[in-house]
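# Tertiary structure, described
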Amino acid sequence: MDTPEIAPEQIRYAEWLRWSGWFGLALLVGAFLVYVTGVLLPHVPVDELPRVWKLASSELAALAGGHAHWEWALLLHKGDMLSLLGIAVLSGCSALPLLAVTDIYLRRGDRLFAALCLLQVAVLVLAASGLVAVGH
Amino acid sequence: MLGSSTPVLAAAEVTGAEAPAAAIAWWIWPLGLFVVCFFLGIIAVPAGVGGGVLFVPLISGFFPFHLDYVRGAGLLVALSSALAAGPSLLRIGLANLRVGLPLALIASISSMLGALLGLALPDSIVRIALGVAILGIVAVMIMAGKTELPNVPASDRWAQVLGMHGVFIDGASGQAVHWRLHRTPQGLVLFFFIGILAGMFGLGAGWANVPALNLVMGAPLKVAAGSSSFILSLVDSSAAWIYLNNGAVLPVIAAPSVVGMMLGAKIGARLLSVLKASLIRQLVIAMLLFAGGRALMVGLGLGG
């Protein structure tokens, strides 16, 4: 049987994505358990959640603060904000695998795909920066 | 900034319509969300759809959460599924970096635009658009055919430059299947619009990625499905950050959804050979029709 060879950058990307993805998921689950078990006090009291989750995100940001524009990163001692760290890691975990394979593309002289990887990282960084944001 | 002991919403009014939901213990809703997502995960796999496309219309229609948080959670549900499946698909060659990267870059940029648009538009407009989009997805699911191994006589210039070709082992026949793509410019344009829809509604976009790759660009069905998962992992990441930075992600909604859907999908994958896929697919289409119709009616102020 003809066994196709998988490109080394694809193998490296898969390995890095596997580890970063599982790390993000584990962090999300762990932080959420800390939140719901009350180990850390939440920024928004849990008994107010039924009213909070009816509000538009812009209304919640105006009333409670802490949820938008990386403000949560200053409140990681609060259970709900710590959970946002897990979500942020999950949302950013593709950046490392992209950087890891850029090196392979560059060494091979494949500047087009090295540039595509770096552009994709730049898009993720722009999205994560908070520079691109709106309200209702 | 308010302390944890201060009622955050002391001034917020609870209307008569909201009172019954508020009277239920808060934890009932995330628990219910976990259970519903678990079952959605079970049926999503045999139905051949991503969890996000079921999650957003159903949860926004039947749970008391604002649409902003449902879309944010929907993106994370789709992202988690893609991250879980992506590495193994890449390792066996069913997902392809050279196919996925250019398309993901275009769709990532447009998904950010879609997310911004979705968060800026009034809720009623987004609900109407969501209802129309869901009914459109049902039409795609019913009408779009599938070609296991599309005939691609020659690659276009773009596909040649980008190296969009490869080989994979077909598990059924054990044969190596060589493939190449064509119509790359049309594919790039399609993925721009797919990204907008994914970001605007938090739907994930496997329902659109696979037909675009398979029917338009000529990727074998298995490569289309595998590469779609890789593309989703990048597109949904970009859009998820926009939701996160706009405060549209609540852990109490996102975390149970992600965990429930992933556990359900694992069960669904094991039941794949037992469940009748065509029946499940019909059930999913019926659910989407119902949820899409409901979103449309709520958006138009006709019910809900």
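Only a predicted model underlies this, so the values are computations on that prediction, with no experimental measurement involved.

What follows concerns the overall build of chain B. Tallying secondary structure elements over chain B gives twelve helices and two strands in all. Order of helices (α) and strands (β) in chain B, N terminus to C terminus: α-α-α-α-α-α-α-β-β-α-α-α-α-α. Dimensions along the principal axes, computed over C-alpha positions, put chain B at roughly 65 × 40 × 35 Å. Restricting the contact set of chain B to residue pairs at least 6 apart, pairs at least 24 apart contribute 82%.

Right, let's talk about the environment of A:L119 for a bit. Inspection of the secondary structure puts A:L119 in helix 6 (residues 111-129). When the C-alpha atoms of A:L119 and A:L98 are compared, they prove to be 9.8 Å apart, with 21 residues separating the residues in sequence.

In this section: the nonpolar core. Counting 145 residues, the largest nonpolar core has B:L76 and B:L197 as its most contacted members. The contacts of B:L76, once residues within four sequence positions are left out, are A:I87, A:L90, B:A240, B:A254 and B:V258.

So, on to unusual backbone geometry. Residues and elements named next belong to chain B. The backbone of R183 sits at a positive phi, close to 55 degrees, despite the residue not being glycine. Note that R183 resides in the loop between strand 2 (176-180) and helix 8 (184-201). Given 19 C-beta atoms within a 10 Å radius, R183 is considered partly exposed.

Okay, the interface of chain B and chain A next. Taken residue by residue, the interface counts 65 residues in chain B and 70 residues in chain A. Contributions of two or more residues to the side of chain B that touches chain A are made by helix 1 (19-23), helix 4 (67-91), helix 5 (97-120), strand 1 (165-169), helix 10 (221-245) and helix 11 (251-270) of chain B. By residue class, the composition of the side of chain B that touches chain A is 48 nonpolar, 13 polar and four charged.

On to the pairing of strand 2 of chain B, then. All names here are of chain B. Examined bridge by bridge, strand 1 and strand 2 share five bridges and lie antiparallel to one another. If you follow I169 over to strand 2, its bridge partner there is A176. Counting the residues in the hairpin turn of strand 1 and strand 2 gives six residues, including G174, whose phi is positive at 75 degrees.

A few words now on helix 1 (residues 8-36) of chain A. Each α-helix winds once per 3.6 residues, and so residues spaced three or four apart point in a common direction. Compared with an ideal rise of 1.5 Å per residue, which puts 29 residues at 42 Å, helix 1 of chain A spans 42 Å between its outermost C-alpha atoms and is within 8% of the ideal. Where helix 1 of chain A ends, the next residue or the one after it, A:G38, has phi of about 75 degrees, a positive value.

Axis separation between helix 1 of chain A and helix 11 of chain B bottoms out at 10 Å; the angle between their running directions is 130 degrees. The angle between helix 1 of chain A and helix 11 of chain B places the two elements in the oblique class. For helix 1 of chain A against helix 11 of chain B, the interelement crossing comes out left-handed. From helix 1 of chain A, A:L28, A:V29, A:F32 and A:Y35 reach across to helix 11 of chain B, where they touch B:P251, B:A255, B:V258 and B:V259. Taken together, the residues of the contact of helix 1 of chain A with helix 11 of chain B sort by class into eight nonpolar, no polar and no charged.

The subject of this paragraph is the packing of helix 4 of chain B against helix 11 of chain B. Any two packed helices are characterised by the angle at which their axes cross and by the distance between the axes. Residues and elements named next belong to chain B. Two elements in contact, helix 4 and helix 11, have axes whose closest approach is 9 Å; the angle formed by their N-to-C orientations is 35 degrees. Note that helix 4 runs across helix 11; the crossing there is right-handed. Contacts between helix 4 and helix 11 involve Y69, G72, A73, L76, V77, S80, S81 and A84 on the former and, on the latter, I253, A254, S257, V258, M261, M262 and A265. Of the residues belonging to the contact of helix 4 with helix 11, the class tally is eleven nonpolar, four polar and no charged.

Per-residue confidence for chain A gives a mean pLDDT of 90; residues scoring 70 or more make up 94%. Per-element confidence in chain A ranges from a low mean pLDDT of 84 for helix 3 (residues 57-64) of chain A to a high of 97 for helix 6 of chain A.

Let's shift gears to helix 4 (residues 79-92) of chain A. All names here are of chain A. With 14 residues, helix 4 should reach 20 Å at 1.5 Å per residue; the first-to-last C-alpha distance of 21 Å fits that figure. Among the 14 residues that make up helix 4, twelve are buried, leaving the element largely enclosed by the rest of the structure. Within helix 4, burial applies to G79, D80, M81, L82, S83, L84, G86, I87, A88, L90, S91 and G92.

Rules used in this analysis
- Residues numbered from 1 in each chain as written.
- Chains lettered and ligands numbered in written order.
- Predicted model: local features only at pLDDT ≥ 70, side-chain atom pairs only at ≥ 80, totals over all residues.
- Helix = DSSP H or I, 4+ residues; strand = E, 2+ residues; numbered from the N terminus.
- Contact = placed C-beta atoms within 7 Å.
- Core = buried A, V, L, I, M, F, W, Y, C linked by C-beta atoms within 7 Å.
- Buried ≥ 20, exposed ≤ 12 C-beta atoms within 10 Å, placed from the backbone.
- Nonpolar A, V, L, I, M, F, W, Y, C, P; charged D, E, K, R; others polar.
- Pairing = 2+ DSSP bridges.
- Expected span 1.5 Å × (residues − 1).
- Axes fitted to C-alpha atoms, helices over the stretch in contact; angles between N-to-C directions.
- Parallel < 35°, antiparallel > 145°, perpendicular 65-115°, else oblique.
- Left-handed = near helix turned anticlockwise from the far one by under 90°.
- pLDDT = per-residue confidence, 0-100.

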